[in-house]
Structure formats: C-alpha cells, structure tokens
Amino acid sequence: RQQLESGTLTGNSKLELLAEGIRLMQHAVNIESASSIQRVLNATGVILHTNLGRAPLSAAARTAITNASGYCTLEYDALTGERGKRGGYAEELLCQLTGAEAALIVNNCAAAALLILRVFAGNGETIVSRGELVEIGGDFRVPEVMANSGTTMVEVGTTNRTTLDDYARAIGERTRLIMRVHPSNYRIVGFTTSPDITGLATLAHESGLVMYEDAGSGVLVDLSTYGIAGEPVIRNSIAAGVDLVSFSGDKLLGGPQAGLIVGRCELVDRLRKNSLYRALRADKLCLAAIEATLDAHRRNAFEELPALRMLALEQETLESRARDFAQQIGAINPALACDIVAGTSAVGGGSGPTIHPKTGLIALRHDNLHADQVAEKLRLGSPAVIARIADGRVVIDLRTVDPEEEPELLEALKAL
Ligand SMILES: *Cc1c(COP(=O)(O)O)cnc(C)c1O
C-alpha cells in the first residue's frame, strides 16, 4: 500500500499495479514461510543430509510420533496401573539387538559421550588415541566434550599408529577410562595400526578401568550388502568386552535424533541415577519413534527404513527412474532440457566417507534461467525442493526422492 501511494510500484494500469502488488506479497509470504521448519523434497542424493534432518523416519515411526503426541503411556504401566519405566520397551529392544545387559537413551550421541565421560572419568583421566580426536559437524569435538565433562584427556600414539602398549604405558593412578572413537567422517589409510577392541577391553579390565566406545553411526547388523563396510557393529563391540557403547539414532540406524547407550547393567544404572541424565534424557516423541525404528530392525524389515532403502537402490533402477522422469519433465515444461548423467550419491551425516553409491542424475538446463535462479525458485517453492548444482547445471538425484514424491517434484519443475 505504501509503495502504491508513493508511486514506487511500476505498472501501466491499475490491473498491472495490482498484479505487481500481489507478486510482492507472495514473495514476502514465501520468504516468511521459508524460515520455519517445513517439509522439503531432498533431491541432493545425500541420504543422511544433516541440514535436512538426517534420517527420514519410517511410516511406523511417524505413526508412533502421532500416537504419542497426546497423553500416552510414557511412564505408565497399563498392566498394573502403576508408574512404568520411561523408555523401557526401547531399552529392551536395544538389549535384544546388541546382546547388551542394559540400555539407556538420551538426546543424541554427543549427550551420551558427555554423560559417560562425566560419570566415569569426571574426576580423573581418559586415554584416547591421537588418531581418534574426531570432529563431527555441528561442533562435536572429542577434546572439547572431554573438557566439558571434567575429565583430563591423555592422548597416546600418533595420528596414524597407536599400539596397545601406548595405552598400557599411559595408565596411571588417575586413569579411569579408555575411550575408543570411531573415525566416522574420515579414514586414515596407509601405514596405520590400532589395537583390536578385544585387546583394549582386556587391558582396561586388567587395570580396573571402564572401556567405552563411541561408535558414531552404530549399525546393528552387518550392512555390507548395502555397500557399508568399516562401521562397527554394536553387537560385536559388546561381545568383545566393551563396557559401554554409544551411537546415534538418526544416522545409519534410520531413526530420530537420539543417543543410544548399551552396556553393563551396573554401569548403565549409574548413568541413569546421575542427575545429568535427567537433563539429557529423550522425550516421548523421540522414544516413540525409536521404539518403532528398533522394532523394524528386530524384524529384519530394513526396507521399511527409508535411509537403508535409499542406500540399497541400484544404479540401473535409479537410471531408469531418471529416464522416465526426464521424459515427463520434457512433456510438461518445454523450457527445460534434461540429460541423464552418471554420478554418485553420498551417505552423509558423517557416515561412510569413502562410500559413493553410483546413481543416475538428471541435469537440467533452462532456456531463460541460470542454474542459480532455477535452484532458488525450487528452494522457495512449496514443498521446497533442494537440489545440487554441478558444472553450471542443477542436478537431481532421485535416490533420496521417494517415488510417491515424484508428482510433487514434477509440479515444482513445471512451475519453473
Ligand atoms: C555422529 C557422531 C557423534 C555425534 O552424534 P550426534 O548424535 O550427532 O550427537 C559422536 N561421535 C561420533 C563418533 C559420531 O560419528
């Protein structure tokens, strides 16, 4: 209205002025809604895209969240009518799936590490290899978490080689814990060595120390058929004698953000009783989604978990989907030219840094718009579409687009 009155709006007729005014208002609305948390179509091919919320949840987990949204049996036992145990069923599933005696669930894996270090080594030293001083995106840095927990970090070995003897020599009166950290988002290759986890756990126990492994992604079963190798399988760590293992809920587990802790009963009980746990424990929506996710793992129903389903998609399948989709684009928007090019997707979320699943990409070229303009228009649509730009073209990877979302993606491309 101000622009109309001051004559800064351009147009030759009242109708044109009105149309311009409406366009500006639409733009303002788009910008306002773009700053809230909204649903997006992930056309990047990065499966655990941290900026887009990491693992997409299964249908069962989404239903579980809806069911838990009102009143629910969070800490209520319907059998006895008495107070129940928060997270009890999810903990039971975790024990079944990992062979551990006990489990505990907190906000995220960073919280798990903080809690464990604080409770078992806050008044002493923690030994860690120089090759494992990880930084995960979003400010999780092992040395800083250690400092926050109160423990004194004792680094041993070198970046590429750390031996059992290095650990043994560092053990002193104030040592409380040995920490093994999975190098989730990087690999050290070449002239390297690190002691196997069984040896490390034995050393810890001989010296009266707690052995803790921060496993990061934490896969529950061998995922080598999905091309995932080199991720610690939690059950193996427990079997090797590790006292406590922590891992994330929203990486390769395919669930909501959560920090899952499994290990020896007596130690998990000490974590549960510490007041810091009260500050870090998971909420009802998270616990409901974790239960549903773990239940899919228990039934070996991996195809129900979108992250694993997307990871398993073969290049031929993706290429054929891309070809079909490109044809539809050509039919609805003559200004868009499409090429199918070979490329790679990514696991993302700081997992599987050396895994690049092959895919078929749809590369777009618009008659009148630059790649940047195409990408911006897609981002500001509803739902927003997030795509990559490569070699001056917007590229779409259907690996992370559910087939059911394809009509919406097509609509967004039609609107260009
Ligand atoms: C991802 C990761 C974390 C942090 O986990 P969040 O669940 O994101 O807090 C900690 N340690 C390792 C080794 C990781 O891979």
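As shown above, the structure is provided for reference.
Counting of residues starts from 1 at the beginning of each chain's written sequence and follows it residue by residue. Two thresholds apply to this predicted model, a pLDDT of at least 70 for residue-level local features and 80 or more for giving and counting side-chain atom pairs, whereas whole-chain, interface and lining totals are computed over all residues. Note that water and hydrogens are dropped before the side-chain values are worked out from all heavy atoms of the structure.

J.: Please clarify how the overall build of the protein chain should be interpreted in this entry.
T.: Secondary structure elements follow DSSP: runs of H or I of four or more residues count as helices, runs of E of two or more count as strands, with numbering from the N terminus. Along the backbone of the protein chain there are 16 helices and 19 strands. Principal axes of the C-alpha set define a box for the protein chain whose edges measure 85 × 60 × 45 Å. Buried, partly exposed and exposed residues are distinguished by accessible area as a fraction of the type maximum, computed with a 1.4 Å probe on protein chains only: under 20%, between the cut-offs, and over 50%, respectively. Out of the 416 residues belonging to the protein chain, those deemed buried represent 47%. Contacts are residue-level and defined by heavy atoms, with any inter-residue pair within 4.5 Å sufficient. Taking all contacts inside the protein chain whose residues are at least 6 apart in sequence as the whole, residues at least 24 apart take part in 74%. Per-residue and other accessible areas were derived by the Shrake-Rupley procedure at a 1.4 Å probe size, with only the shown protein chains allowed to occlude residues. For the protein chain, the computed accessible surface area is about 20400 Å², with 50% contributed by carbon and sulfur atoms. A distance of 3 Å separates the average location of the 40 positive side-chain charges in the protein chain from that of its 50 negative side-chain charges. A residue counts as positive if it is Lys or Arg and as negative if it is Asp or Glu; His and the chain ends are not included. Every charge is mapped to an atom, namely NZ of Lys, CZ of Arg, CG of Asp or CD of Glu.

J.: Looking at this structure, how should I read the layout of surface pockets?
T.: The definitions used throughout rest on a 1 Å grid laid over the protein atoms alone, on which a cavity is an enclosed set of points accommodating a 1.4 Å probe that cannot get out and a pocket is an open set flanked by protein within 12 Å on both sides along at least five of seven lines; lining residues are those having an atom within 4 Å of a point. Grid points are joined across faces, edges and corners, and a volume is the space filled by probe spheres set on the points. Considered as a void within the structure, the largest pocket measures approximately 1200 Å³ in volume. Contributing to the lining of the largest pocket are 41 residues, with R39, V40, L52, P56 and R62 lying nearest its centre. At the level of elements, β1 (40-42), α3 (59-68), α12 (284-298), α13 (306-312) and β17 (384-386) are the ones that each hand at least two residues to the lining of the largest pocket. Along the lines of polarity and charge, the residues of the lining of the largest pocket split into 20 nonpolar, 10 polar and 11 charged. Just so you know the grouping, Ala, Val, Leu, Ile, Met, Phe, Trp, Tyr, Cys and Pro go in nonpolar, Asp, Glu, Lys and Arg go in charged, and all remaining residues, Gly too, go in polar.

J.: Got a minute to help me understand empty space enclosed by the protein in this structure?
T.: Vacant regions in the atomic arrangement are exposed by a probe of water-molecule size rolled over the atoms. Tallying each qualifying case throughout the model produces 1 cavity of 30 Å³ or more. Size it by volume and the largest cavity reaches roughly 40 Å³. Taken together, R86, G87, E91, I105, Y277, A282 and L287 make up the lining of the largest cavity. Classifying every residue of the lining of the largest cavity gives 4 nonpolar, 1 polar and 2 charged.

J.: Just checking my understanding: could you explain the packing of aromatic side chains for this structure?
T.: Think of it this way: a Phe, Tyr or Trp ring, Trp meaning its six-membered ring, pairs with another when their centres are within 6.5 Å, and the plane angle makes it stacked under 30 degrees, edge-to-face over 60, tilted otherwise. If you walk through the whole model with that rule in mind, you get 0 aromatic pairs. Here, a charge over a ring is recorded when the distance from Lys NZ or Arg CZ to the ring centre is within 6 Å and its angle to the ring normal is within 35 degrees. A cation sits over an aromatic face here: R161 above F191, 3.9 Å from the ring centre.

J.: Mind showing me how you'd approach the packing of α3 against α12 here?
T.: Helices that pack against each other are described as a pair by the angle of their axes relative to one another and the distance between those axes. Between N-to-C directions, angles span 0 to 180 degrees; the directions come from axes that are lines fitted to C-alpha atoms, helices contributing only their stretch in contact. Orientation of α3 relative to α12, taken along the N-to-C sense of each, is 145°, at an axis distance of 8 Å. Between α3 and α12 lies a crossing whose hand is right-handed. In this structure, α3 contributes A60, A61, A64, I65 and A68 to the contact, and α12 contributes K284, L285, A288, A289, A292 and T293. Its residues assigned to classes, the contact of α3 with α12 shows 9 nonpolar, 1 polar and 1 charged. A clockwise turn of the near helix away from the far one marks a right-handed crossing, whereas an anticlockwise turn of less than a right angle marks a left-handed crossing.

J.: Help me understand the environment of L280 in this model?
T.: Here L280 lies in helix α11 (residues 275-280). Owing to a relative accessible area of 13%, L280 belongs among the buried residues under this scheme. In this structure the C-alpha to C-alpha distance between L280 and L223, which are 57 residues apart in sequence, comes to 30 Å. Among residues more than four places away in sequence, those in contact with L280 are V106, N107, A111 and L115.

J.: Before we go on, may I ask you to explain the nonpolar core in this structure?
T.: Generally speaking, soluble globular proteins have nonpolar side chains that are buried together. The set of buried Ala, Val, Leu, Ile, Met, Phe, Trp, Tyr and Cys residues whose side-chain atoms join them within 4.5 Å is what this entry labels a nonpolar core. Counting residues in hydrophobic clusters, the biggest one holds 38 residues, and the most contacted among them are I105, I178, F247, V262, I290 and L294. With 31 residues, the next largest nonpolar core counts V106, A112, A113 and V134 among its residues.

J.: Just to check I follow, could you spell out helix α4 (residues 88-98) for this structure?
T.: Owing to its 3.6 residues per turn, the α-helix brings residues three or four apart onto one side. Where α4 is concerned, the buried positions are A90, E91, L93, L94, C95, L97 and T98. Against β5 (102-106), α9 (234-239), β12 (244-248), β13 (259-263), α10 (265-273) and α12 lie the buried residues of α4. G99 lies just past α4 and shows a positive phi near 75°.

J.: Please clarify how the sheet that holds strand β9 (residues 152-156) should be interpreted in this entry.
T.: Backbone hydrogen bonds are what pair the strands of a sheet, in a parallel or an antiparallel way. Spatially, 7 strands are ordered β5-β13-β12-β11-β10-β6-β9 in an open sheet, and the strand pairing comes out mixed. Each edge of the open sheet is held by one strand with a lone partner, namely β5 and β9. Mean inter-strand twist for the sheet, computed between neighbouring axes without regard to direction, equals 25°. Taken together, the 3 bridges between strand β6 (residues 125-129) and strand β10 (residues 175-181) define a ladder with parallel strand orientation. Bridging from a neighbouring strand, E125 pairs with T175 of β10. Packed on one face of the sheet, α10 meets β5, β11 (210-216), β12 and β13 and runs near 30° to β5. Pairs of strands are assigned from DSSP output, requiring at least two bridges between the strands.

J.: Which parts of the structure should I look at to understand the sheet that holds strand β18 (residues 388-390)?
T.: Pairing is antiparallel across the open sheet formed by 4 strands, whose spatial order is β14-β16-β19-β18. Every other strand in the sheet has two partners, leaving β14 (336-344) and β18 as the edge strands with one partner each. On average, each strand axis in the sheet is inclined to that of its neighbour by 40°, with strand direction left out of account. Pairing of β14 with strand β16 (residues 358-366) involves 9 bridges; the strand directions are antiparallel. Its bridge partner being in β16, G343 is matched across the sheet by T359.

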